[in-house]
Amino acid sequence: MLQQTIYEVRITYIGSLSNLRQREPFVTYFSNLKKTIENISAQLALNGWPLKINYSAVYRSLQAKGKYTCDFDVAGHKVFKITVTPHILNPTLTTLGIDEMPLVKST
């Protein structure tokens, strides 16, 4: 069975500014890390946020910690956090601890 890594991008609104406008976390998935970083960077640039994310930093963090997080703030107030987490799509299935059924001989 083939296994593939997909990347979950979660935008979580945090800090005191989120009290003014309550929002649910936004979650999306990508199948390619390079495309993930390109899309995040493009959206940050379009919306005027600093480009604090780059491929090398995300890749190293995923290898070392298993996830990447980056906080964004305005005037010292945290606004949102981006988290990139890898997930395995189509993981290998185990037997769930179920043994093979014994053969019963009929007489």
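These remarks concern the structure in this document. (Residues numbered from 1 in each chain as written. Predicted model: local features only at pLDDT ≥ 70, side-chain atom pairs only at ≥ 80, totals over all residues. Heavy atoms only, no water.)

**Some details on the layout of surface pockets**
Rules: Here a cavity is any set of points on a 1 Å grid over the protein atoms alone where a 1.4 Å probe fits but cannot get out, and a pocket is any open set with protein on both sides within 12 Å along at least 5 of 7 lines; a residue lines the site when it has an atom within 4 Å of a point. Grid points are joined across faces, edges and corners, and a volume is the space filled by probe spheres set on the points. Every helix listed is a DSSP run of H or I at least four residues long, and every strand listed is a run of E at least two residues long, numbered separately from the N terminus. When residues are grouped by polarity, Ala, Val, Leu, Ile, Met, Phe, Trp, Tyr, Cys and Pro land in nonpolar, Asp, Glu, Lys and Arg in charged, and all others, Gly among them, in polar.
Size it by volume and the largest pocket reaches roughly 340 Å³. Looking at the lining of the largest pocket, the elements that each hand over two or more residues are β1 (4-13), β2 (26-30), α1 (33-46) and β4 (77-89). It is α1 that provides the largest number of residues to the lining of the largest pocket, a total of 4 residues. Residues belonging to the lining of the largest pocket are distributed by class as follows: 10 nonpolar, 4 polar and no charged.

**Here we look at the nonpolar core**
The cut-off we apply is this: Buried Ala, Val, Leu, Ile, Met, Phe, Trp, Tyr and Cys residues that are joined via side-chain atoms within 4.5 Å together make up what is termed a nonpolar core. Partly exposed residues are those whose accessible area sits between 20% and 50% of the maximum for their type, while under 20% is buried and over 50% is exposed, using a 1.4 Å probe and protein chains only. The contact criterion used is simple: two residues touch if any of their non-hydrogen atoms lie within 4.5 Å.
Counting 18 residues, the largest nonpolar core has Ile53, Val58, Ile82 and Val84 as the members making the most contacts within it. For this core, the secondary structure elements donating two or more residues are β1, α1, α2 (55-65), β3 (68-74) and β4. Discounting chain neighbours no more than four positions away, the residues touching Val58 are Leu33, Ile37, Ile53, Tyr68 and Val84.

**Quick look at the packing of α1 against α2**
Axis angle and axis distance: for two packed helices, these are the angle between their axes and the distance between the axes, and together they describe the pair. Operational definition: Only the stretch in contact is used when fitting a helix axis, every axis being a line fitted to C-alpha atoms; angles between N-to-C directions are given from 0 to 180 degrees. Each angle is binned into one of four classes, with values under 35 degrees roughly parallel, values over 145 roughly antiparallel, values of 65 to 115 roughly perpendicular, and all other values oblique. If you view the pair so one helix is near and one far, a crossing is left-handed when the near helix is turned anticlockwise from the far one by less than a right angle, and right-handed when it is turned clockwise.
Taken N-terminus to C-terminus, the directions of α1 and α2 make an angle of 130°; their axes are 10 Å apart at the nearest point. Compared by their axis directions, α1 and α2 come out oblique. Between α1 and α2 lies a crossing whose hand is right-handed. Two secondary-structure elements touch here, α1 through Leu33, Lys34 and Ile37 and α2 through Tyr55, Val58, Tyr59 and Leu62.

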